[in-house]
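Listed below, chain by chain, are the residues.
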Amino acid sequence: MSILFFSLYIFHVQKTVIKVNVNCQKCKQDLLKSVTKLSGIDQISVDGEKQTLTVVGDVDPVFIVKKIRKSRKCAEIVSVGPPKDDDKKKIIECCLPPYCNDCQMVAVSYAPYDGGICNIL
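S.K.: So, the overall build of the protein: which residues are in play, and what are the values?
M.R.: Along the backbone of the protein there are 3 helices and 4 strands. Start at the N end of the protein and walk to the C end: the helices and strands fall as α-β-α-β-β-α-β. Relative to its full complement of 121 residues, the protein shows a buried share of 27%. Here the protein displays about 9,600 Å² of accessible surface, and carbon together with sulfur accounts for 58% of that area.

S.K.: Describe helix H3 (residues 61–70), naming the residues involved and giving the relevant values.
M.R.: Turning to H3, its buried residues number three or more, namely Pro61, Ile64, Val65 and Ile68. For H3, the buried positions fall inside an angular range of 95 degrees around the axis, keeping them on one side. Looking at the packing, one finds that the buried side of H3 touches strand E1 (14–20), helix H2 (25–35), strand E3 (52–57) and strand E4 (75–81). Positive backbone phi, at 65 degrees, marks Arg72, one or two positions downstream of H3.

S.K.: For the pairing of strand E2 (residues 41–47), give the residues involved together with the corresponding values.
M.R.: Where E2 lies against E3, 6 bridges are found, and the strand directions are antiparallel. Bridge assignment links Gln43 to a residue of E3, and that residue is Val56. Hairpin connection between E2 and E3: a loop of 4 residues separates the two successive antiparallel strands, and Gln51 in this loop has a positive phi of roughly 60 degrees.

S.K.: Lay out the sheet that holds E4 in plain terms, naming residues and giving numbers.
M.R.: The sheet built from 4 strands is open, its strands ordered E2-E3-E1-E4 with antiparallel pairing. Looking at strand neighbours, the two that pair on one side only are E2 and E4, the edges of this open sheet. Adjacent strand axes in the sheet meet at a mean angle of 20 degrees, parallel and antiparallel pairs treated alike. As paired strands, E1 and E4 are joined by 6 bridges and run antiparallel to one another. Residue Thr16 lies in a different strand from E4, and its bridge partner there is Val80. Against the sheet, H2 touches E1, E2 and E3, its axis set at about 165 degrees to E2.

S.K.: Hey, could you go over the environment of Thr36 for me, with residue numbers and the actual values?
M.R.: As for its position among the elements, Thr36 is in the loop between H2 and E2. On the basis of relative accessibility, which here comes to 46%, the residue Thr36 falls in the partly exposed class. Remark: the alpha-carbon pair of Thr36 and Val55, spanning 19 residues in sequence, is separated by 9.7 Å. Here the side chain of Thr36 touches Leu32 through a polar contact of 2.8 Å, landing on its backbone oxygen.

Definitions and limits used
- Residues numbered from 1 in each chain as written.
- Predicted model: local features only at pLDDT ≥ 70, side-chain atom pairs only at ≥ 80, totals over all residues.
- Heavy atoms only, no water.
- Helix = DSSP H or I, 4+ residues; strand = E, 2+ residues; numbered from the N terminus.
- Buried < 20%, exposed > 50% of the residue type's maximum accessible area, 1.4 Å probe, protein only.
- Areas by Shrake-Rupley, 256 points an atom, 1.4 Å probe, with all protein chains shown as cover.
- Arc of directions from axis to C-beta.
- Contact = heavy atoms within 4.5 Å.
- Pairing = 2+ DSSP bridges.
- Axes fitted to C-alpha atoms, helices over the stretch in contact; angles between N-to-C directions.
- Polar contact = N/O pair within 3.5 Å; in protein donor to acceptor, adjacent residues only side chain to side chain.

Below, the structure written as structure tokens:
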């Protein structure tokens, strides 16, 4: 009986809302890249204003959070439930900066080697 219940639970389409810090376009791109690798996803949307990721499909919410945390983002599940038909509203893009302080590129420089003797003490 428990095996049958478990197999029915896996194939149940559900809407999962996860709170994630999305501060810039790079954060959003990294988040989508890590989550879209999961199988069974029908629809993904990121809301930059509400700082949420919405996934619709037959994916376990714990697997989604694990993938997000592997990409070095903090994530917590807000809600899990059946998808509604009125969720197909207009997608409004909010303007996010290209980089934030957490993922800003840092220039690294090095001193050229002048051919001197290398001493390791």
